[in-house]
Structure formats: C-alpha cells, structure tokens
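Coordinate inspection notes
Chain by chain, the residues run as shown.
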Amino acid sequence: MEDVAAQCHLAGADAVVAEHTSYTYRVYFLGFMGGFPYLGGLKGPLAAVPRKKTPAACIAKGSVAVAGGQTGVYSISSPGGWNIIGRTDADIFNPARDPPAMLRPGDLVKFAPVAELAAATPAVPAATPPAEAAWMTVTAPGMLTTVQDPGRFGAARYGVSRAGAADPLALSMGNALVGNAPSAAALEVTMGGLEFTVIRDAVVALTGADCNATVAGAPLPRNRCYTVKAGEAVKLGYATHGMRAYVCVRGGFDVPEVLGSTSTDLRSAMGGYCRRVLQAGDALARHEDVAPPAESFGDVRYARYDPLEEAAGRVWEVRVLPGPGAPAGGREAPACDVDFRALIGAEYSVLPKSDRMAVCLSAAGSGGVVVEGGQQMSEGCVTGTVQVPPDGNPLILLAEHQTTGGYKVPAVVVQADLWKVGQMRPGDVMKFVPTTPADAVAALRALRAGAAETCLAPPQRFQDLPFRPRTGDALRRIDLNADAGEGYDDAGLLQYVTSVNIACGGHVGSPESVARTVALAVAAGAGIGAHPSYVDPANFGRKALDVPPATLRDQVLWQVSGLQAVCAAYGTAVRYIKPHGALYHAVLKGGPHGDAVLDAAHRLGLPLLLMPTSSWATYGEGFAERAYDGDKLRPRDKPGAVIHDPALAAQQAVALAARPGVHSICVHGDSPNAVSVARAVRAALEAEFTVAPFAPARTASSASADSAATRQARMNWFLGPEGRRAVYTPAPGAGAPWAAAVAKVIVNGYRRGDGVDPERYPTERVCRRVAEVQRSLEVERPPLTAFAEYASGATDYDGYIAALRKQLAAQGGGWVAVAPRDTCQQGFDSESAAITYVSRLNCERWGVRAGCVGYEIGGAQYQAGLIRGFDPGRIAALGLPDNLPAHSLQRAQYVNGLAELSSGTRRALFAATAEFVARRYGRSASSEVPWLPYNFHAGNYVDDSTGRSPLDETTGELLNAGCTPMPVWVFSSHFPISALRAWTKRQIEMFRAAGRQLHCVRIKNPGHGAAWTAEAVWDHVAAVLAVFEDGGLAPPIVYVHNHDFNGLGAHVGAALFRTAREHGFPNLVLDAGYRKNGTHNDALVMLSALTLTDEQQAALREWSAVQADIEKILTRFDSRDSQMTPWDSDWAGGTEGSDLRIAREYNLTATQINTAKEVASAVFPLERAVTPFSEYKLRLGIGIMIETGIEPKNPEAVKAWVHAGGKLQVGGPVLVGLARWETLVPKPPEVDALLRNMHAELAAAQAQCSGEVPLDSVEPNTPEACFAALGFQQKGVRFLQQVKGTDGDMSVLLRAPGVLHRRGKTLPPGTAFDVLREDGEATRVVFDGYTFPGADPGAEGGEVEVRLTVDGRQTAVRMALSSMDAEEDERKTAAAGDCAVASDIPGELVRYTVAPGDVLKAGETLCVVESMKMEYVVPVPQRADGRAVDALPLRVRSVDRAGDVIRPGDVLVELVP
C-alpha cells in the first residue's frame, strides 16, 4: 500500500483507500483465474500505477489490487503482478455454485472501506471416496501427483483455467494403450516418486517421462499396457528424462466432475481427488463399466512410437506462430515482428520456478539475445501463449495458466508441440522455431493420429530394421503400391503406383513373368518389393498351409532370392518384403509362421511391409479399397469388404495416408477396376502428399556392414554441427560424373550465399513447396496460344502478330514476365539459372492465363550460370516456353559480358543460337525461327559521319540468322526525341531491307529516376507512333521496361496504360514482376489498369504467389535490402543488387558506392546503354574511390588527377569502351586524358579483344557448344573443356532447385527429383540416404557413400573427406611486412604467371584476378622489382574448385627476405 501511495504521490494508505473507493467500476471481463474481475473505471493517480516488473510468488485470496488502469480481486491465492491495496471477504468465485462467478461482465461494482472483515467461513473439505470402491492405494505420492484428464473446456468465460494434462500427447497415448476414451482421467506424476499397491487386478499403462518403473520388483516398461495383479506394488523412480509421467488404468480414474472435467486445478482448489495432490493412504477408484470388450482389446499392446525418446538429449525445438499483437492496436493490429524474430533461434534455459501454470525461461544463455518485455492491455490467453514480462524472461503458459494476461505476447506455441513444453525439466535448453498455420494444423492432425496407433507386443526384433513412423517432412510423403506379376494389368497400374509387390513363384509366377514385371517396374521408376506366399498355386496362396516353420522360412528365402537375382540383372534391387494372402495374415497374427517369415527377412536384410498394427512391421500400409472394422480388415466373405467406387477408395486412401504409421497405400491389382481405382487414389494423394517409393533399396551386406550403434554415431556426427562443416570430394571412379555432381551438392551444398544474410538457407518447407509447385505444373498442360501455333509452324509470324494485337485490344495492353531473369539479377545475385525451368512452367500455365505475352530470359542468367558451373546453352534451352515468346536479352555487340565481339563471331553465334531454338520448337534452322530477342546493349549510338550504328549491325545479323529481333531504344532524358525518331526510321528500313515488316519495338529505362514519368514515356511512345504513321504503317506494339529502384515503377506503368487508353492505343506491353518483388514493377499494382477478366485476375494472383514461393529458394542470396541508389537517381544499370557485395569487397560504405556512381557519371558520362556502359562507369567509380591520390572524392579532384597524368585501377574492357565512346553524349576531355595516361593498358586490352575464339576450334561442334564458346569466349571454352561432363557440371540440377539450393547434408532420404540428361530430357532420381563404408567420416581418410536410385537402379557415390570448411584467416601484408606483395582489388584468383624462385621485374604480369566480371592483370609493383618469389600462398581456379577469394590487402605473393 505504501509503495502505491508513493507512486501516486498520495499521503499514505488512507489516501489510497479514499481515492479508490470514490469511483464506480464496471466489470469488463473475468479472467486470469476463476471469477477474477477486471474492473474498469479507475481514474486519477491510481490509474497510472503499472504492473510489478517481476510478479509476486503468492497473493492472498480476496486481495484487491490495481494495475494498468484497472482494479481486480484475487478469487484464490495465486502468483500475480498487481499492486495490493486491500482485501475483501466477498465470495466472488465458488465452483459448486451456478454460475460459479459472483460477477458478470457489465456489472457495476462499488468498494466500501471497512475497519475489519468478518471471519472467513472454513472451507468444506472434499469428501473422501469410499475405500471399498478403490482399486489402488497410494503408499508414496511422489513430488506432485494429481488426477488429470484432457482439461476443463468452456469455463474460460468465468476465468477458469483449462487445467488438464500438461503433456496431452502422453495422456492420449496411455488411454489408447488401455482402450480408454481420450477423455478418461489418469494420474499425472511430476518427476516420479509415486508408489501404490494394487487392490484389484487392472490393466495399466505408463507413458510420458521415463521413471524406471517396476511392478512387483520387475521392470514395468513405458508405452505398453500391462495387467497388474492384486497385491502387487508399482513403484516409479525419479524421472531420468522428461518431467511428467502418466498412469492410465483401463476404465479411467473415477473422481467427481467439476465444471465438466475431472482435472485437478490446484490454484483454484478444484476438481481431481479431493481438490488436491495425492497423499499417502489415498485410495482411488476406477470406472468399471467402460472397459472395451475383450475381443477388441484382450491383447497386450504397445505404442507405435515414443516421441520423448526421440527428443532425449537434444535441445527442445518448439514451433511457434506470431502472437496477436497488443490489443490497443485495434483488431487489425499486426503481431510485433521484431519481438517474434528476437525469440527465434535464441536458446533459453528452463528455470526451476516452472510449474503447471507456466514454464519460465531464462534468456541468460541465449547468446545475448534478450526479448524486450513489456505490458499491454489484458487479453485472453491460451495454453502455449508466450508472454514476456518487463524483465525480458519469457514464460510459456501451461495447463493451469490464467485465462487472461497483460504481458507482451510475441508468439504462441502450436498445439502439436504443447507436449514438449509439458515435459521440459529445469535446466533443459529450448529454442523457438517459426512455422505456418497450415503446417501447424497438419502437425496436430498427425500427432493425434499417431497417439492413437498401437500394435501387438513385439517379439525380439532385429535392431537395424525397427518400425519408424513418419515424422517431420516424411508426413508429406506417401507411397502407392500394388501387387504385380499375377496376370493382371501391371502396365496400367504402373502408370500410377510407385511401388510394386512382385509375385515370385509361391502362388504364381515364372522366371519369365518375374523378369517381365521387373522390366516394367524399372521402366516406370517404381520401387520393387517381394511378394512371397505359401507355396500353393492351386489356391492362389489364399489358404494357410500346415508346413514346418523351417520349411516355410526356406520357401520364403528361395522366392525372394530368385527375385533379387532377376532385379540384379536389371540393375535394381528388392527394397522390402510384403507377404501375400494367407501368409500375410499369418504374419499379422504372429506365432511360429510369423517367426519364420521374420527370420527369412532378417537373413535377407529386408524390411517387412505390413499393417501398422503388426509387431513385425518396419513399414506400415493401409488398403484403399478394403473396408476396415476397427483397425482390422473386414474379411472378404463379409458384405462390403471391398470398396469398388474409385472416389470412395480415394477418400479412404487420403485418410489413411494422414496416419504417421502408414508409409504406403495398397491398391489390389486383381480388382476388376484396379487401374481406375489407382488413378483416382493417385490423384487424391497428390493433392496433399508427395507420392514416391517409401523404402530405399537394401542389401544384406549394407544392412550389416556396421553395428547399428556405430552407424548411428557416424550419422549423428555427419549431420551435426561439426559434420556440417566437412567437405567431401568424390573418389576417383566413384560413379558417373553426373551422379558425382549430384552427390557433391547433396553433401557439401552448392556454394556460399552472397546476400544480406548469406547463411539464411531456405527452410525445408520452402524446398518442399518449390518441388510441389514444379510437380503440379509439370502435369498440367499449358494453354494453347497464338505463339504456340507460330512456334510449331501452324501459322506465320504475321499471323501471330495479328492474334497478339487482338489480345492486347481485349485486355487494354499486356505484360512480359521478368521473373526470375530480372528479379534475380537485382535481388538474388543473378542466381536465376536453376529456377528458370520451374519459373517458365509457372508463366506458361498461370502467366498466360493472366494475359502475359512474353517471358524474359538471358543475360546474367547465362553468364552468372556459366561462372557457377551451369551450361549456358542448357539454361537457354530450358528457358524457351511452349506458348510464349522467349525475349532473350541479346547483348549483341557486347555478347561476352563487357568485351566486344567481331561481326563474324556474332554471326556464327546468332546462327548457332537460332539452330537450337528452332530445334526446341521442332523447326528447321532454314525456316523462320520463333526467336524474338531484345536487341540492345549496343545502345542508341550512330556515327553521323559514317552512318554506322552498332545496333543496326546486330539487328541485321539477327535477321540474317532467321529470327525476329526487337530493336531497343534506351531511354534517357539526355537523349533528344529527334534522335528517337531517326532511330525508329532506321529500324523500319533495316527490316524492310530484309524483306520483313517491323511490328515491335522496345523502350528500356535501365534505372528509374525522377525523369521516368508516364508523361515522359508516353512522349517517347508517341514519337515512335508518329514515325510509323508517317510511313503508312500500322501502329507498332511498343514494349516498355524499367528497373524499379524507387517503388514507383508499377504506379508509373499503370498511369502509362491509362494514358495509352485515353489515346486509343492498346498495343502497349510492360514488364512486370511478382507482388512486392522489390526490384521491378509490381504486376498486381500495374495491371490493375488493364481490363482483365475475373479469371485473368485470379490467374495473375496465382502466378504472383507461386513465383514468390519459387524465389524464396534463393533466400541466402537475397541482396534486395542493399539498394543504394537514391530514389530519384537516373543511374543506369541492372546490377544494383550486387552493390552490397561490391561494397564489402572494396571495404566501402553504401554512401561511398553511391558517390562512386555519381562522380564517375559526372566525369565520364557514358550515357546510357545499360551493360556495359553503366558497369564501365561503376568500375571507373570504384577506381576513383580506392585511389588514395584523389581527395576529395568529387568530379573536380578526379579531373585534376587525370590531367596530371593519373591512372585508375580499371580493367581493359573499360578502356576499350572509353576509346569507342559509342553514346549520344559528347565526349569530355578527361576521357582522352585518361586513355593517354593508360595507353599501354589500352593497347593490351585491344590486343586481347582481337584474340577471339575461332569457330572451327569449338569442340564439340554443336549449337549449344558454339553458344557457350562464342558467346562467352575463354570462359565458355574453359567450361566446355574442363567442367562440362565432370562432377563440377551443375547443369544436371537445373530442374532440381530444391536440391541445389538447400543446405548441404539436409536432403531427406526418399526425396525424388529430376536430373537433366545431355539430350535435354529428365531422369528421375531418388536419394536413398548415406552409408559410411570406411573410417569415421570425420577422421583422416573418412568416407561417406551417397546412395541414389536412378530409374529403379541403385547407384552409390563414394566421397572422401577433403577439408573442414571454415572461414579462412585473413592474409594481410601487415603480418608479412616487406616480404609480400598485396592485392589492391578484390576478386577470385584465376592464375599465377610466376613460380617460386622467379625473380620479379616491375611491370610484368604477376597474376590474373577476376573482379566484377572482368579479368584484371596484376603487375609486379616497383618495390618488388628484383625480388625473388618465395611462395604462392593462394589457391588458383581449377576444374573442380574456385580460386581463393581475395580482399584488398590480402597477400598474393610471398617474397624471399
């Protein structure tokens, strides 16, 4: 009271009472605890009193308190954070009363001061149940034992907590084991220590924490039911892992219900046994009339899996969703993303003060990450609510939590993980993991299904093939199997099933039929299982035979072994055994025949596929078209045993597939409509699951190579934090090069990230989503379009253009998809190569339906892909859509990045490209090629004295190659409209001279800038239209493109569409990216100006959402947050996304990068042909920023430096570009001055430009090889000669982005994906997992074997440990003193031109470094003249590894002292 008075500046306790009793209060709601009223109406200084920073451990019942502008009354003694100012004797909550709460929301309350309160009425003790009804007597209660059921639901409106089991999963499993309903009551034993004596026989089960229980001195295992006899003593020791154990009894504990539940609520002294914890001497009864019938539950049963065992010894990972945000923010207030992100990933310790109300966490061990706590308006709470009080230590509300609370709520634990919270012990470490609502629902369904699954008690099972229910990502996969080789339609079934059980001679089958069936399975890529039976062809194996077990074992061995031999001949293997007919049921029942089959399977090292209730099953199956009675199949002689309706079978299959214990769904091949059923089931399963073989191929030798413990230890190390750093190299002859390339990526990962957060790999959900998208798009036929007819030769180019004009008129315009080509170039470090294919599918299916008329590819897609090990020809071919024109970014004059090519080389290059494009569409190269490339990068330049225009030259060359280029005008406010008119006339004449009519032109804005407005762009469009009109030509189709650096692009585009419509011009096509892509026009915003139909708008939203999901796979390359160009800049260039990397490499800040652009543009105004001129200027700007002799960094200082003879550190192509000066802006004198200063460097660069790769030297002489060698010169030749066809060739994974871009060593076994063959077709591959054939994988000489199944044949790639990947130590010259030569630039070391012992000469070449797409020749500095080379410390680029990445100041060469 005195503290409150001091906070309010009131004169003591009496003043506080007077102030508080002067107001009338209204009940807002009841919460926190039973009957606790939140009273509004507190005013004056008391309204400003906050909650306590740290809650009090106990506040007495009847206490009147204030906090946060409200008043409350504690109905029971409880912890709390409010400030106590008095006490009342009003009975505000009584659970025996109806309603139990005295107050209701809306009631008015007035407090009156009294001198003293009446003596409290003693509480009536709960009645003790009669001892004669008891079945057990407690001899030792343990630390805290209570009666609990699932909880008290529907009473929260009175402020009553749910209570119930803290681990609902363990309770549900225990009730399932003894045959109870899920609502039955059990004992919850905290930390163990319970001891009781059984008075009457009963069936019990122990679940949850492992307490080393005994019955009559013998072990009492967890997770099984057990009959205990009268007089036997059950003792639970103290829990070794986990926090709470559960004792369930058949029938359930019989205690009175309170508010609909038997659960004990200790804080409210309500429910359970006498409203309290158990004590020694307590006698508890059970319900006798709810036990299930003996025929259904007469056997001892085991739980299918033990989640607590799987979590033992690990950091608890608890999945969470974002919290609701502060109530004061309104109904639409978003969750606090900052607080949610702060929780994620940090590790927290569980504090000893945790109890059934909440698990209390300490942020002390979280690496310094402390969530900022705080208070808010009180709101409703659920179990799993994560609260953060002002002290910053999170709380996870548990079973007896208050119903409302006023601390910050950044997250909520998903229901599927509440059991984990209930099992956390003091000292445990946990962390929060983000998830999605869809995944949370799926996880809860799977958890509930798994908790109810039980099986007969197993005999001794061989250890290396235990039953493993599907968990995690495996819950998204399911197999579909059918019996085969029995004389039915195997080929028809193999169109839909993913595994076949091949009859191998017992009931049917000859060597010929077995071989024929294996061949069909291999061709279909299906997994193969053996289908042995009793040797009884007369009865088709459907009659149990009385054969000796040893004979039966041998019969199974010869049947399966014969199948194995046939499989080996076809390069595949048997994966599992599924018995047939009567033998299947014999195994299910157990006994000698079951043991015989198990013995045979053990000897063969093969798992058994059976119903999940079988104790012998390694994998569980469900039956799509067989009716179930409980968990058993209805006998075939009973009505309704077989489901003939395919739709009903499909519905049952989906329900079965949701069960964790079911790995495969069976369709019987002998049904009359088996193929129809299989088709319906496959379609239904694919809507929710990935359908793929469930079991990797096994052999007896691989199954027994090491002990299970050794293999598991190696696997744990390999997949753990240290093993993740291990880098492995394929051993010589380890397998086919493509398989070695795939194995390297699976184990080591693809390459380091290069974005804002380079270690932020895509989550498993993202990888899975991209694979699902690709699969669904592949099976859907793309809509037929006018371009598809043109590409196939059904119509000509003019016919296609006529149809396109008609479409644009109906829509009011059109759009071209720039994702992923442009969105990745700017946003994801040009990593678009491996998502080209799936993005193309998205555009073909959804983009076309949304009015899309083109797909942009090329440029950095090819060049960046080449640098990273992808064949540019194969990237290009994958990017050619079926029903849309591929608008390739044809760099024409500057095809090889920044280096110019001669006309002869360009002609050969264009001819080769046209040839493989024509082949892609089934056209001959001599015909009109359906290739419509954008022709730019040579700029708008024309030499007025000679009439020469590089763009005109390349347009003519492309026309001569048989394709239809689209001339591109590069927008700049510096270029006059008159030049655009003259340019347009030239393009028309170029086409006319080739016997063609120009229909399409493009206006490109490389940047954005304040000058890029709808009005300015329309002026340019109108100028082009006027030229066409003057020439008597139909209005052209005008394509417009810009890089949206400032977020206005989509709005400018929409305004441009509206302007064009006002002028009656519908033939406008704009570039667009997906919603909020951050680099290009937002399609949903921009295309709102078109007249798209409802169907087109829905398709547009789908395209956008799918593309956003696809590009999430590139998360570790995300550099969109690095945009450094001011919003109003007219900087030209599409490489904005690489600014982050450039700044880091050159030790520059974002401001300095932008200054580099501005200063270089002012001194060397190479306007504005995009690549290469914008990149030339950026390199000039970097040269200015790193030149110590130029200060300050402004145009005047640069000009003075150049005119004084100064040089800049720039590559040869920049000097060549300056010398040519092919731009419409006059050349300033500083250009010639710099070229004079660097005449030797210019001459060397010009000489290098003349050394082009000759066409006749390209091997192999294919169009794709010519595309790589001629288009990318030495880089392309190096790829063809040293990378292509080796384990460094990443092209095989161009159709598997979910494999390529995930973190190494995280691909789940069983994952199926496509690899790209040389012929451009795909082969299906399944990753079967790892084995460790030699030494420990982390030891010297350690090995790992990557196992793959390819078209049904198993292969393995053996890899040896090569290094432990770690951040390399900086190699600075400061450490080497005068005995080293350092680098002035960053980049990758390509090669040395000196060797140890060489004597250096100033000016000669020391080494070559690639930086910013160019190779820099590093000369010997003057200070090293005459010095001898001691050592070369860096790794140069080789076939299989990149060269060392160097930074300014790193040592290049060590010199002899």
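Attention in this report is confined to the structure presented alongside it. (Residues numbered from 1 in each chain as written. Predicted model: local features only at pLDDT ≥ 70, side-chain atom pairs only at ≥ 80, totals over all residues. Heavy atoms only, no water.)

Re the overall build of the protein chain
- In terms of helices and strands, the protein chain carries 43 helices and 59 strands.
- Every one of the 1457 residues in the protein chain was classed for burial, and the buried ones make up 58%.
- Within the structure as shown, the protein chain displays about 54,600 Å² of accessible surface, and the carbon and sulfur contribution to it stands at 54%. (Helix = DSSP H or I, 4+ residues; strand = E, 2+ residues; numbered from the N terminus. Buried < 20%, exposed > 50% of the residue type's maximum accessible area, 1.4 Å probe, protein only. Areas by Shrake-Rupley, 256 points an atom, 1.4 Å probe, with all protein chains shown as cover.)

Brief notes about the packing of helix H27 (residues 903-920) against helix H41 (residues 1263-1283)
- Two elements in contact, H27 and H41, have axes separated by 8 Å at closest approach and are oriented at 145°. The way H27 lies across H41 gives a crossing that is left-handed. Judged by residue contacts, Thr905, Ala908, Leu909, Ala912, Thr913, Glu915, Phe916 and Arg919 of H27 engage Pro1263, Glu1264, Cys1266, Phe1267, Leu1270, Gly1271 and Gln1273 from H41.
- Residues of the contact of H27 with H41, tallied by class, amount to eight nonpolar, four polar and three charged. (Axes fitted to C-alpha atoms, helices over the stretch in contact; angles between N-to-C directions. Left-handed = near helix turned anticlockwise from the far one by under 90°. Contact = heavy atoms within 4.5 Å. Nonpolar A, V, L, I, M, F, W, Y, C, P; charged D, E, K, R; others polar.)

Thoughts on the nonpolar core
- Membership of the largest hydrophobic core comes to 161 residues, with the highest contact counts inside it found for Ile746, Leu1068 and Phe1313.
- The element best represented in this core is H41, accounting for 11 residues.
- Ala526, Ala582, Met611 and Ile643 belong to the second largest nonpolar core, which has 72 residues in total. (Core = buried A, V, L, I, M, F, W, Y, C linked by side-chain atoms within 4.5 Å.)

Comments concerning the pattern of salt bridges
- Applying the stated criterion across every chain yields a total of 52 salt bridges.
- Among the salt bridges present, the one from Glu764 reaches Arg1302, with a minimum N-O distance of 2.7 Å. With a gap of 538 residues between them, Glu764 in helix H20 (residues 764-779) and Arg1302 in the loop between helix H42 (1297-1300) and strand S49 (1312-1316) connect regions that are remote in the sequence.
- Residue Arg1302 is classed as buried on the basis of its relative accessible area of 7%.
- Put simply, Arg1358 and Glu1345 hold a salt bridge, and the shortest N to O gap is 3.6 Å. Linking Arg1358 in strand S52 (residues 1353-1364) with Glu1345 in strand S51 (residues 1343-1350), this pair joins segments that are 13 residues apart in sequence.
- The network of salt bridges with shared partners includes Arg821, Asp822, Glu856, Arg1002 and Asp1071. (Salt bridge = Lys/Arg side-chain N within 4 Å of Asp/Glu carboxyl O.)

Examining the sheet that holds strand S53 (residues 1380-1382)
- The antiparallel open sheet is built from three strands, whose spatial order is S53-S59-S57. Unpaired on one side and paired on the other, S53 and strand S57 (1429-1431) mark the two borders of the sheet. Here the strands of the sheet are splayed against their neighbours by 40° on average, with no regard to which way each runs.
- Bridging between S57 and strand S59 (residues 1451-1455) involves two bridges; their strand directions are antiparallel. Residue Val1429 lies in a different strand from S59, and its bridge partner there is Leu1455. (Pairing = 2+ DSSP bridges.)

Let's talk about the side chain of Arg874
- Tracing the sequence through the fold places Arg874 in helix H26 (residues 872-878).
- Setting aside chain neighbours within four positions, we find Arg874 in contact with Lys1284, Asp1289, Ser1291, Leu1294, Leu1316, Arg1317 and Glu1318.

Notes on unusual backbone geometry
- Of the consecutive residues Ala819 and Pro820, the connecting peptide bond is found in the cis state with omega at 10°.
- Within the element layout of this structure, Pro820 appears in the loop between strand S41 (814-817) and helix H23 (821-827).
- Of note, the amide linkage connecting Glu1191 to Pro1192 takes the cis form, showing an omega dihedral of -10°.
- Phi at His9 is positive, roughly 60°, even though this residue is not glycine.
- With respect to the element layout, His9 can be found in the loop between helix H1 (2-8) and helix H2 (13-21).
- With relative accessibility at 73%, the residue His9 sits in the exposed group.
- With a phi angle near 50°, Ala269 is a residue other than glycine that sits in the positive phi range.
- Relative to the helices and strands, Ala269 is located in the loop between strand S18 (241-249) and strand S19 (283-285).
- The partly exposed category is assigned to Ala269, whose relative accessible area is 37%.

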